[in-house]
Every structure is written in structure tokens, then in C-alpha cells.
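Single-letter residue listing:
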Amino acid sequence: MKKIITLALTALIIASSSCSNKKEEELRQQQALNEATTEELRSAVADRDQLLGLVNEISSGMDSIKQLENILAVNGRSELPGQRDQILSDIAAIQQTLEQRRQRLAELEKKLNSSNLSNSNLKKTIASLQSQIESQTREIETLRGNLNEAKASIENLNVQVDSLNTTVNTVVAERDSTDHVNNQLINELNTCYYAIGNKSELKENKIIETGFLRKTKIMEGEFDRAFFTTADKRTLTQIDLNSTKAEILTKQPAGSYTIDEVNGHKVLRITNPAQFWSLTNYLVIKID
């Protein structure tokens, strides 16, 4: 029971002391106001107005920082030329402004501390503004760091893009080279040769050999290749022979071609190219 009474009395004393301190401060402020000169009051009002102005300025400063943070968040991966320099310039300007506000606030704090008109509310306001300035300073340093990280990331991406472009160019060049070789091989595989001439012309160019009571024979590998016309199996479907007689001497399979007469002259028509050229790429036609 004694303990409870003791605790109650202690709480009452503390509350009474707190109220007493508050009343004492109010009395001190009222006394200071009564004793203050007109110049002191004018100076106090001016200091208060400066303090209120700083409140608004610091609030708008945070808005400027947030705006820069939003710009970085949106464009950090696709920085436009010159944009980084502009952001750095804005950061430097904000840092300079923060330093100026810190100095003004320190001067106001010094004046208010030496004035009899200072009170706890003003001191709390000054402490809050100092905390906000420090917070904004940290924010701006973080922003600068993020900007540097964004630059490093962009440079790294540029290196990767350059490397990728080099790889792509190499692959394209290799593909083009392969396509060129393939086309050459395909063209070579589809190249054919034909020669048209009478017996004397074919014999003179060492394409055939004949003799008394000997069958006409194609000379393999020894004939004059300049006498042959080069053609493409894929597009060669018809040869005008300009003769009334024609005979194929090479080993083209029967059924893969026809020899028709058009306007009194023989015309060779290749009806099945794959079969026609399956045994040899050379065609020798004797005309009379």
C-alpha cells in the first residue's frame, strides 16, 4: 500500500513539474515579448518568415530530387545523348542549393539561440529542417551513384551489342560464303555440254573416230572441249538442230527425249532432264 502511494506521489510530482516547466516557458516568452523592443520584434518576425520560407524551399527541393529519380527510372537503360550531362548539371545545382540552405539554417539557429524570443517550437522546426536537408543530401548522392551505375550498365550493353554485331556479321559472312560455294557446286552439277556437227566436223575436233568397216566411236577425254556449247541442265529443254537429219551419238537414255521435225528441221526436245543427263554430262549430235 505504501509503494502504491509512493508511485502515485511520484507521478503527481513529475506531472506537476512538467506543467510547471511549460508554464515557466510560457511566462518567460510572455515576459520576453513584453520587454522586447520594436526592432527585436521586427527581427524575430523576419527570422520566423525566413524559417517558413526554408520549409517551403526544402519541400520543393525534395520534389526536384524525386523528378530526377523518375527520369532515371524511366530512361536509365536507354540514356539519350546529352541527357546524362543535363542530369549531372541538375544534381550539382541541387547540391549547391542544399549547401546554401544549410548555411542559412545555421545562421538562423545561431540568431534564435541568442535571442530571448526563441522557443521550443522554433527549435523543433530547425531540427526538423536540418534532418530534411541531410536526408536530401543522401538522396542526391544516391541519385549520382545510380546515374553512374546506369552509365556503366549502358557501356556494358554497348560492348555486348558491338560483340553481338561482330558475331552476326561473321555468321552472315560465313553463311554468304557457304551459299556462294553451294551455288557454285550446284551450278557445276547442273552444267552440261553439247556439240552439233556433221561427221567431218566431229572427227576434225577429235570428238569421234571412224574407219573403214568400223563403227563410229565417241572419243572419251581426248576431244576438243572448245567445240562444245556449255548449258544448264535445269533450263535446257530444247535444241534447234537446223538439219533434216539428226542422230544422238552419246549414251542418253531412250525415252528421255524426242527428235521432232519443225518446219522441215529437226528439233531435240528433252522430256526428262534428270534421266537424260543421268549417264553423262556430254551430248554429241551428228547432223547431215
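Preceding block: the structure.
So, how was this worked out
Residues numbered from 1 in each chain as written. Predicted model: local features only at pLDDT ≥ 70, side-chain atom pairs only at ≥ 80, totals over all residues. Heavy atoms only, no water. Helix = DSSP H or I, 4+ residues; strand = E, 2+ residues; numbered from the N terminus. Buried < 20%, exposed > 50% of the residue type's maximum accessible area, 1.4 Å probe, protein only. Contact = heavy atoms within 4.5 Å. Areas by Shrake-Rupley, 256 points an atom, 1.4 Å probe, with all protein chains shown as cover. Pairing = 2+ DSSP bridges. Core = buried A, V, L, I, M, F, W, Y, C linked by side-chain atoms within 4.5 Å. Salt bridge = Lys/Arg side-chain N within 4 Å of Asp/Glu carboxyl O. Phe/Tyr/Trp six-rings, centres within 6.5 Å; stacked < 30°, edge-to-face > 60°.

1. A short note on the overall build of the protein
- When helices and strands are tallied, the protein shows 6 helices and 9 strands.
- Residues counted as buried form 25% of the 288 residues belonging to the protein.
- Contacts in the protein between residues far apart in sequence, at least 24 positions, make up 70% of those at least 6 positions apart.
- By element, 52% of the accessible surface of the protein is carried by carbon and sulfur atoms, the whole surface being about 19,400 Å².

2. Remarks on the pairing of strand β1 (residues 191–197)
- Within β1, 5 of the 7 residues are buried, which leaves the element mostly enclosed by the surrounding structure.
- As paired strands, β1 and strand β4 (residues 229–232) are joined by 4 bridges and run antiparallel to one another. Bridged to tyrosine 194 within β4 is threonine 229.
- By the bridge criterion, 5 bridges tie β1 to strand β9 (residues 282–287) in an arrangement that is parallel. In the strand pairing of β9, isoleucine 196 is matched with isoleucine 285.

3. So, the nonpolar core
- Grouped together as the largest cluster of nonpolar side chains are 14 residues, with contacts concentrated most on Leu236, Ile239, Leu268, Phe276, Trp277, Leu283 and Ile285.
- Mapped by element, the contributors of at least two residues to this core are β1, β8 (265–270) and β9.
- It is β9 that provides the largest number of residues to this core, a total of 3 residues.
- Discounting residues that sit within four places of it in the chain, isoleucine 239 has contacts with Tyr194, Ile196, Lys266, Val267, Leu268 and Leu283.

4. What about the pattern of salt bridges?
- Per the stated rule, a full pass over the model turns up 5 salt bridges.
- For aspartate 260, the salt bridge identified is with arginine 269, shortest N-O distance 2.8 Å.

5. Side note on the packing of aromatic side chains
- The tally for this structure, following the rule as stated, stands at 4 aromatic pairs.
- Plain terms: the ring middles of phenylalanine 228 and tyrosine 282 are 5.4 Å apart, the flat faces sit at 85° to each other, and that makes the pair edge-to-face. In this pair, phenylalanine 228 sits in the loop between β3 (214–218) and β4 while tyrosine 282 sits in strand β9, placing the two residues 54 residues apart along the sequence.
- Residue phenylalanine 228 is classed as buried on the basis of its relative accessible area, which comes to 9%.
- Their ring planes at 85° and their centres at 4.9 Å tell us that phenylalanine 276 and tryptophan 277 sit as a pair that is edge-to-face. Each member of the pair, phenylalanine 276 together with tryptophan 277, is buried.
- A connected cluster of aromatic rings, assembled from ring pairs, spans Tyr193, Phe228 and Tyr282.

6. Thoughts on the environment of threonine 230
- Within the secondary structure, threonine 230 is located in strand β4.
- Its relative accessible area of 55% is what places threonine 230 among the exposed residues.
- A C-alpha to C-alpha distance of 7.0 Å links threonine 230 and threonine 191, two positions 39 residues apart in sequence.
- With near-sequence residues (within four places) excluded, threonine 230 lies in contact with Thr191, Cys192 and Tyr193.

These figures capture arrangement, not role.
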